[in-house]
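# Summary of structural features
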Amino acid sequence: MSIPNDAAHPNPLAHAPSATRALLARLHAASLAQESSFDLRAVPADTFRTAVADKFIALDEDKCQFVYQLLRATGARAIVEAGTSFGVSTIYLALAAAENAAALGGDAVVIGTEHEPEKAERARAYWREAGTRAVDVIDLRVGDLRETLASGLGQIDFLLLDIWTPMALPALKLVQPHLRPGAVIVADNPVASAKGYAELFDYVRAPGSGFTSINVPYNNGLEMIVYYPPK
Ligand SMILES: C[S@@+](CC[C@H](N)C(=O)[O-])C[C@H]1O[C@@H](n2cnc3c(N)ncnc32)[C@H](O)[C@@H]1O
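Residues numbered from 1 in each chain as written. Predicted model: local features only at pLDDT ≥ 70, side-chain atom pairs only at ≥ 80, totals over all residues. Heavy atoms only, no water.

### Considerations on unusual backbone geometry
Phi is positive for Asn-189, close to 60 degrees, though the residue is something other than glycine. When you line up the elements, Asn-189 lands in the loop between β5 (179-188) and α8 (198-205). Phi at Asn-220 is positive, roughly 70 degrees, even though this residue is not glycine. Along the chain, the position of Asn-220 falls in the loop between β6 (211-216) and β7 (222-227). The partly exposed category is assigned to Asn-220, whose relative accessible area is 29%. (Helix = DSSP H or I, 4+ residues; strand = E, 2+ residues; numbered from the N terminus. Buried < 20%, exposed > 50% of the residue type's maximum accessible area, 1.4 Å probe, protein only.)

Dropping the structure here:
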């Protein structure tokens, strides 16, 4: 959802460069306009990939601001994003990771994944336009996440699952061995896409899994999962 960011709803990115905030506002508006002109859930499975190949489907602005704030709170510097699309949420992840590295030391990295090469190109173009060096921390891997996330991950602090639901569990399983104790995983739309997420939630909620999970009640839900590897 778009939010007013008035006195009652402060924007945690108020300090970000004005060019960055202007770009984010423009991209969220474009994403919402697209979404109001088609129903994602009505797209037949066999044409789904082509039907959405030119769509943003960006993480809602209020959820992006929450994720940014969560990243600042947890000091996350190594982040994986499963599902980058045109790279809107990625800008929030990069800002937080770069600011955390500047405050706490160490290196920042945001590993993004996108299997549509044209979408990856658009994402890179927006990042060039973003007006912040924070985007330099993004390592965008173009291809199927089952390959792009199979190697080259160091210790990971945070995983954003903003991906078609059948890919959520494969992404988590690839990243799980790299998650630091106390790592956070956020999955979008757990209420609206409860059926699609059934396998992920069975896995996460299984006794002894090491995961704890809560739904933050944003529009369509936002699942926040914390991982401590079982001893
Ligand atoms: C909901 S969109 C991501 C939106 C993005 N996080 C944002 O806020 O701007 C999900 C993206 O995941 C991509 N995707 C789907 N399956 C994938 C896979 N197996 N590997 C990599 N990317 C995939 C889609 O092409 C789509 O662009």
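Further notes follow.
### Remarks on the site of the ligand
Around the ligand, the surrounding shell holds 21 residues, and the nearest of these are Leu-59, Gly-83, Ser-89, Glu-114 and Asp-162. One of the side-chain N or O atoms of Lys-119 is found 2.8 Å from an oxygen atom in the ligand. In the environment of the ligand, a nitrogen atom lies 3.4 Å from a nitrogen or oxygen atom belonging to the side chain of Asp-144. Burial of the ligand by the protein chains amounts to 98% of its free accessible area of 600 Å². Along the lines of polarity and charge, the residues of the shell around the ligand split into 9 nonpolar, 6 polar and 6 charged. (Near = heavy atom within 4 Å. Polar contact = N/O pair within 3.5 Å; in protein donor to acceptor, adjacent residues only side chain to side chain. Areas by Shrake-Rupley, 256 points an atom, 1.4 Å probe, with all protein chains shown as cover. Nonpolar A, V, L, I, M, F, W, Y, C, P; charged D, E, K, R; others polar.)

### Here's the deal with the nonpolar core
Of all hydrophobic cores here, the largest spans 44 residues; its most connected members are Leu-71, Ile-79, Val-110, Phe-158 and Val-186. At the level of elements, α1 (18-36), α3 (61-74), α4 (88-104), α5 (117-129), β3 (138-142), β4 (156-161), β5 and β7 are the ones that each hand at least two residues to this core. If one sorts the elements of this core by residue count, α4 sits on top with 9 residues. Excluding anything up to four places from it in sequence, Leu-71 contacts Ala-76, Ile-79, Leu-93, Ala-96, Asn-100 and Phe-158. Counting 28 residues, the second-largest nonpolar core is a separate cluster that includes Ile-156, Ile-163, Ala-168 and Ala-183. (Core = buried A, V, L, I, M, F, W, Y, C linked by side-chain atoms within 4.5 Å. Contact = heavy atoms within 4.5 Å.)

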